Amino acid sequence: MNLKEIAEKLKSVKSATIFCHMRPDGDALGAAMGLKWLLESVGICSRAVCESPVPGKFLFLEGMNEVTSEADLASEAFIAVDSSDENRLGRLGEVFRSAKKPKFNIDHHISNTRFADYNFVEERAATCEIIAELAEYFPVKLSPLAADYLMMGLSSDTGNFAHKNVTASTFRAAAKLAECGADINRIQYNMFKKQSRERARLFGNTMSKIRYFADGRIAVITVTEGDLADSGATSDMTEGFIDFPLNIEGVEVALCLLETGKERFKVSLRSKGKADVNQIASVYGGGGHILASGCMVFGPLEEVVDKLRYTVMQHLPD
């Protein structure tokens with residue numbers, strides 16, 4: 001389906017629940033809240049839901065605290081945004097999967113499994129770029145707040161418009177959002193500059209222990225539950241950590257291992273272009289994009305590091 005057809009299908013329902021993936025980032029939350037605003041602007045009662053709490057760094061935008069953890073089972077339609085498959089929705093994935101109602105899937109990940117009745121999946125810089133285009137098929141102009149939601153997602157998934165995924169289409173979307181009143185200065189400060197002492201302490205501790213493999217072409221950082229406790233930080237404060245090791249001269253692939261339970265690690269992978277980290281993540285049941293992907297890996301820390309090192313080397317050209 002094209003976006004115009006998706007828009008017409010959405011406008012035909014009276015209520016909807018919008019699902020974010022677990023451990024939400026700026027793109028997932030921005031897309032959900034931007035779409036929620038769009039639907040409500042034409043009289044469609046909407047709710048944004050997520051298994052995980054909204055990280056504190058996103059609460060600077062009005063309404064972000066309205067995201068709840070419970071789906072409205074009476075909604076006429078379910079919509080998943082920025083999620084490559086139902087498992088990314090966490091425990092809400094089964095709620096989405098088992099629903100006997102129209103289900104929509106709007107996403108930008110190349111690993112998307114097209115799991116809904118109506119799918120729009122296109123590789124873009126961010127899902128918020130897609131929602132910004134979807135807004136053109138609604139008979140309203142985005143409010144400054146709605147534009148802020150979508151600009152937050154664009155900024156989040158592009159590293160403040162610095163990553164290789166940025167295209168002319170991304171800048172056109174950003175320009176339209178700016179025309180609607182999006183405050184890019186406020187967004188980039190809260191997303192990339194503002195930080196607590198706890199995050200600064202954790203960042204320093206983490207980067208002091210970067211490990212290098214394959215003659216410095218692979219860099220690995222780890223954040224354990226003990227590291228979080230020692231610094232007083234929370235796991236959501238690690239967003240953006242992966243960019244630092246990737247930017248080190250000579251590094252082609254960077255990995256961040258975040259301990260989320262006993263022998264359980266959330267792995268973020270980034271590449272400068274010589275390795276497809278979507279393929280690497282898929283080895284462990286994950287996925288995402290060629291240059292940015294993620295997965296979960298289980299086992300003792302050193303075994304996990306060794307497995308990932310081996311897998312990356314298998315995908316990294318000589």
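If you're wondering where the values come from, they're calculated on a predicted model, not measured in any experiment.

(A) View of the sheet that holds strand S4 (residues 103-107). Judged by pairing direction, the sheet is parallel, and its five strands sit side by side in the order S2-S1-S3-S4-S5 without closing on themselves. Where the open sheet ends on each side, the last strands, each with one partner, are strand S2 (45-49) and strand S5 (118-121). Each neighbouring strand pair of the sheet contributes to a mean axis angle of 15 degrees, computed without reference to strand direction. With four bridges connecting them, S4 and S5 associate as parallel partners. Within S5, the position partnered with phenylalanine 104 by the bridge is tyrosine 118. The sheet strands contacting helix H1 (residues 3-11) are strand S3 (77-81), S4 and S5, and the helix crosses S5 at an angle near 140 degrees. Contacts between helix H4 (residues 127-134) and the sheet are confined to S3, S4 and S5, with S4 contributing the most and set at about 115 degrees to the helix.

(B) Structural context of the pattern of salt bridges. This structure, assessed with the given rule, holds 14 salt bridges. Here lysine 11 ties to glutamate 8 by a salt bridge, and the two come within 3.1 Å at their closest N and O atoms. Taken together, the positions of lysine 11 and glutamate 8, both in helix H1 and three residues apart, correspond to about one turn of that helix. The class of lysine 11 is partly exposed, set by a relative accessible area of 29%.

(C) Expanded view of the environment of isoleucine 248. Positionally, isoleucine 248 belongs in the loop between helix H10 (243-246) and strand S8 (253-261). A residue is classified by how much of its surface remains accessible, and isoleucine 248, at 21% relative accessible area, is partly exposed. Residues isoleucine 248 and arginine 217 lie 31 residues apart in sequence; the distance between their C-alpha atoms is 9.5 Å. Each residue touching isoleucine 248, except ones within four places of it in the same chain, is listed here: Ile210, Tyr212 and Lys272.

(D) Examining the packing of helix H2 (residues 26-41) against H4 more closely. Close contact between H2 and H4 brings their axes to 8 Å; oriented N to C, the two are set at 15 degrees. The pairing of H2 with H4 is recorded here as roughly parallel in orientation. By crossing handedness, the relation of H2 to H4 is classed as left-handed. Of the residues in H4, those in contact with Asp27, Gly30, Ala31, Gly34, Leu35 and Leu38 of H2 are Thr127, Cys128, Ile131 and Leu134. Taken together, the residues that form the contact of H2 with H4 break down as six nonpolar, three polar and one charged.

(E) The arrangement of the pairing of strand S1 (residues 15-19) in detail. Across the five residues of S1, five count as buried, placing the element largely inside the fold. Residues Ser15, Thr17 and Phe19 of S1 are buried on one face, and the alternating residues Ala16 and Ile18, pointing to the opposite face, are buried as well. Taken together, the five bridges between S1 and S2 define a ladder with parallel strand orientation. Within S2, the residue paired with alanine 16 across the bridge is serine 46. For the segment spanning S1, H2 and S2, crossover handedness is right-handed.

About the cut-offs
- Residues numbered from 1 in each chain as written.
- Predicted model: local features only at pLDDT ≥ 70, side-chain atom pairs only at ≥ 80, totals over all residues.
- Heavy atoms only, no water.
- Pairing = 2+ DSSP bridges.
- Helix = DSSP H or I, 4+ residues; strand = E, 2+ residues; numbered from the N terminus.
- Axes fitted to C-alpha atoms, helices over the stretch in contact; angles between N-to-C directions.
- Contact = heavy atoms within 4.5 Å.
- Salt bridge = Lys/Arg side-chain N within 4 Å of Asp/Glu carboxyl O.
- Buried < 20%, exposed > 50% of the residue type's maximum accessible area, 1.4 Å probe, protein only.
- Parallel < 35°, antiparallel > 145°, perpendicular 65-115°, else oblique.
- Left-handed = near helix turned anticlockwise from the far one by under 90°.
- Nonpolar A, V, L, I, M, F, W, Y, C, P; charged D, E, K, R; others polar.
- Right-handed = clockwise from strand over helix to strand, strands pointing away.

These figures come from the coordinates and say nothing about function on their own.
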